[in-house]
Amino acid sequence: MNIDNAKSQMRKGMLEYCVLLLLRRRPSYASDIILRLKEASLLVVEGTLYPLLSRLKNDGLLSYEWQESTQGPPRKYYALTPSGEEFLSSLDAAWSEIENTVSILKR
């Protein structure tokens, strides 16, 4: 079994949750999301993030707003919608269940 493949699949499975967690704190633009994920040791490239953000927006979980930037063109800032907040709360509960299950099995 390839451990890198297994780790990649685990990261993919939690990427959506991690992005929503970041946006719970404050609206952010894609490059900032990538940087904050990298700081948490979750490496993501734009080619992975943009389709995810687009899908979450189309699902009604995110909204966006264009904001002027002092460092170039305007930036698209993503934020959680009320539906996104509810969905994230459900993911929080699911994560707690998974975390509990793994803890039990590791003992």
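It should be noted that the structure appears before, not after, this text.
These lines cover the structure that appears in this document, whether it is placed above or below.

Reading the values: the criteria
Residues numbered from 1 in each chain as written. Predicted model: local features only at pLDDT ≥ 70, side-chain atom pairs only at ≥ 80, totals over all residues. Heavy atoms only, no water. Core = buried A, V, L, I, M, F, W, Y, C linked by side-chain atoms within 4.5 Å. Buried < 20%, exposed > 50% of the residue type's maximum accessible area, 1.4 Å probe, protein only. Helix = DSSP H or I, 4+ residues; strand = E, 2+ residues; numbered from the N terminus. Pairing = 2+ DSSP bridges. 1 Å grid on protein atoms, 1.4 Å probe; cavity = no way out; pocket = protein on both sides within 12 Å on 5 of 7 lines; lining within 4 Å. Points joined across faces, edges and corners; volume = space filled by probe spheres on them. Nonpolar A, V, L, I, M, F, W, Y, C, P; charged D, E, K, R; others polar. Salt bridge = Lys/Arg side-chain N within 4 Å of Asp/Glu carboxyl O.

1. Considering the nonpolar core
Looking at soluble globular proteins, one finds that nonpolar side chains tend to be buried together. Counting residues in hydrophobic clusters, the biggest one holds 22 residues, and the most contacted among them are V19, I33, L37, L49, L53 and L62. Of all the elements in the fold, those that place two or more residues in this core are α1 (3-25), α2 (30-39), α3 (46-58) and β3 (72-80). Per element, the largest residue contribution to this core is seven residues, and it comes from α1.

2. Points about the sheet that holds strand β1 (residues 28-29)
Strands sit in the order β1-β3-β2 across an open sheet of three strands; the sheet is antiparallel. The sheet terminates laterally at β1 and β2 (62-69), the two strands that pair on one side only. Across two bridges, the pairing between β1 and β3 is antiparallel. Within the sheet, the bridge partner assigned to Y29 lies in β3 and is Y77.

3. With respect to the layout of surface pockets
By volume, the largest pocket amounts to about 310 Å³. Lining of the largest pocket is provided by M10, G13, M14, E16, Y17, L91, A94, W95, I98, E99 and V102. For the lining of the largest pocket, the secondary-structure elements that each account for two or more residues are α1 and α4 (82-106). Residue classes in the lining of the largest pocket are distributed as eight nonpolar, one polar and two charged. Surrounding the second largest pocket, M14, C18, L21, L22, R24, R25, R36, L37, A40 and L42 form its lining. Those elements giving two or more residues to the lining of the second largest pocket turn out to be α1 and α2.

4. Details of the pattern of salt bridges
One pass over the structure, following the stated rule, counts five salt bridges. A salt bridge links R55 to E16; the shortest N-O distance between them is 2.5 Å. Here the residue R55 occupies a position in helix α3, and E16 occupies one in helix α1, the gap between them amounting to 39 residues. Residue classification places E16 among the buried residues on the basis of a relative accessible area of 17%. Linking R24 and D92 is a salt bridge whose minimum nitrogen-to-oxygen distance equals 2.6 Å. You can see R24 sitting in helix α1 and its partner D92 sitting in helix α4, a full 68 residues away along the chain. With relative accessibility at 21%, the residue D92 sits in the partly exposed group. Because the salt bridges share partners, they merge into one network encompassing E16, R55 and D59.

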